[in-house]
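Reading the structure
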Amino acid sequence: MAGASKNSRTTVATQKFICPDCGGEIVMKTICDNGRVRNIAECSKCKRTERRPKDFK
């Protein structure tokens, strides 16, 4: 039986981001806008949107 290769991911690393304004969780969303696929970060509590989670600071 083959083992995992040296480049494979053996654990799933997820990082939770917290909105500094309301304390809600920031989730990444993929939207299609004018035929382009864009990723945005949105707070689940206050619905604030930014390009990426670190822009909430």
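Right above here is the structure, for reference.
Attention in this report is confined to the structure presented alongside it. Keep in mind that what you see is a predicted model, and the values were worked out from it rather than measured.

Rules and cut-offs
Residues numbered from 1 in each chain as written. Predicted model: local features only at pLDDT ≥ 70, side-chain atom pairs only at ≥ 80, totals over all residues. Heavy atoms only, no water. Core = buried A, V, L, I, M, F, W, Y, C linked by side-chain atoms within 4.5 Å. Buried < 20%, exposed > 50% of the residue type's maximum accessible area, 1.4 Å probe, protein only. Contact = heavy atoms within 4.5 Å. Pairing = 2+ DSSP bridges. Helix = DSSP H or I, 4+ residues; strand = E, 2+ residues; numbered from the N terminus.

1. Let's talk about the nonpolar core
Counting residues in each nonpolar core, the largest one holds five residues, listed as C19, I26, A41, C43 and F56. The residues touching F56, leaving out its near neighbours within four places in the chain, are C19, P20, I26, A41, C43, R48, T49 and E50.

2. Considerations on the pairing of strand 3 (residues 36-43)
Judged from the eight bridges that link them, strand 2 (residues 25-33) and strand 3 form a sheet pairing that is antiparallel. Pairing of C32 across the sheet is with V37, part of strand 3. Taking the residues between adjacent antiparallel strands as the criterion, strand 2 and strand 3 are bridged by two residues, where N34 takes a positive phi near 55 degrees. By the bridge criterion, two bridges tie strand 3 to strand 4 (residues 49-50) in an arrangement that is antiparallel. Opposite A41, over in strand 4, you have E50 as the bridge partner. The hairpin formed by strand 3 and strand 4 contains five residues between the paired strands, and K47 there has a positive phi angle of roughly 65 degrees.

3. Some thoughts on the sheet that holds strand 4
An order of 1-2-3-4 is seen for the four strands of this open sheet, with the pairing classed as antiparallel. What marks the edges here is a single partner per strand, and that holds for strand 1 (17-18) and strand 4. Sheet topology note: the strand 1/strand 2 ladder contains two bridges and is antiparallel. Counterpart to I18 in the pairing with strand 2 is E25.

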